[in-house]
Amino acid sequence: QDAEFQRAFLADYGLIVGGFFGVTVGPFGENNYNFSQIDPFFKFAQTNNLAFRGHPMIWNQFNSDWVVEKFKNSSTKSSEIEKIFTNHISTLGKKYAGNVSSWDVVNEVINVEDGRADKLRDTEVSGFNGDKYPTWLKFLGPKYMQRAFEIAHAVDPKAKLVINETSLTYSNALGNSYWEQRRNALLELLAKLKAANTPVHAVGIQSHLLARFNKRFDGNKFRKFLSDIAGMGFEIIISELDVSDVELPKNIQARDRIVAKSYYDYLSVVLDEPAVSTVVNWGLSDRYSWLSDFAPRNDGAAVRPLLRDRQYQLKPAWKAVARAIKEAPKR
């Protein structure tokens, strides 16, 4: 509804993401869906010749209350969850079949700390904000991911299917750090999915960067990680790029310089990998960012994680991204 926002968006971007979160679209009961919040994004994409990307089909978090109650109910059978699972992927996949450039089929499935040998997230161990209950893995087993991709491919064979993961970026001097363990776990999972002939086409690297960790970004290690993914035949999508300015100086000019450096240093490495086909900023303007709510600054200052400010003016971050793209090898 904001004409200035639309103008800036169309000036910068060729792709828009539709957020298919369970709390947004459902199911709110058996076969009960509501796409009223998604349809305007899809129409905007069609009207303006933008690629349309769907996110996510299956996630442990932000499911509808109806699905969460099914998960929590001790009398719920695996067959019930399998029916919900299959119907959910089929419903989402069919909704815009043939018009979706890519789908995040499964989202954030790794959590090494939960202690499973396969490094998958066990929601009965880690839970959500202290609330622990079984989800897809418990009811359907580890092969739920393979099954998700197979169903998605059957209902929309033209869509690029993506496994999307977070917290993969940094390193530290101690060697096998939190992030390195997660990178290794993802590589192991990709090898298993590939061996099972799962129709995974691309890997989404979320890239929620932390400017305070700029010195913990090891370009050589990250290049190797991306090369390992590419070596298995997967395309790579930088799927949710933004930069948190938490713990940076309050001074706007100083903050903007450090945030811009995060963008440039990261993309300069990432875009060296030919398998990286797409970069998706997780937002357009500081006026609207999930980080305002999920990662606010302790000093109360408004966050500045994106490429345009609250008045849609270009920031140093925009220029840093433009420079990295300009310097990158041609695709």
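About the criteria used
- Residues numbered from 1 in each chain as written.
- Predicted model: local features only at pLDDT ≥ 70, side-chain atom pairs only at ≥ 80, totals over all residues.
- Heavy atoms only, no water.
- Helix = DSSP H or I, 4+ residues; strand = E, 2+ residues; numbered from the N terminus.
- Rg over C-alpha atoms; globule rule 2.2 N^0.38 Å.
- Buried < 20%, exposed > 50% of the residue type's maximum accessible area, 1.4 Å probe, protein only.
- Contact = heavy atoms within 4.5 Å.
- Lys, Arg positive; Asp, Glu negative; His and termini not counted.
- Charge placed at Lys NZ, Arg CZ, Asp CG, Glu CD.
- Arc of directions from axis to C-beta.
- Pairing = 2+ DSSP bridges.
- Right-handed = clockwise from strand over helix to strand, strands pointing away.

Draft legend 1. Main features of the overall build of the protein chain. When helices and strands are tallied, the protein chain shows 12 helices and nine strands. Whereas a compact globule of 331 residues would reach a radius of gyration of roughly 20 Å, the protein chain reaches 20 Å, a difference of no more than 12%. Taking the principal axes of its C-alpha atoms as reference, the protein chain extends roughly 55 × 50 × 40 Å. Sorting the 331 residues of the protein chain into buried and exposed places 53% on the buried side. For the protein chain, the proportion of contacts with a sequence separation of at least 24, taken over those separated by at least 6, is 76%. Taken as two groups, the 43 positive and 38 negative side-chain charges of the protein chain have centres that lie 3 Å from each other.

Draft legend 2. Quick peek at helix α4 (residues 65-72). Of all the residues in α4, the buried ones are Val67, Val68 and Phe71. Each buried residue of α4 lies within a common arc of 100 degrees when the element is viewed along its axis, so the set occupies one face. Against the buried residues of α4 lie α5 (78-95) and α6 (136-140).

Draft legend 3. Examining the pairing of strand β9 (residues 276-281) more closely. In terms of strand pairing, strand β8 (residues 235-244) meets β9 through four bridges, oriented parallel. By the bridge assignment, Ile236 is partnered in β9 with Val276. Taking the sense of rotation as the criterion, the β-α-β connection linking β8, helix α10 (residues 252-270) and β9 turns out right-handed.

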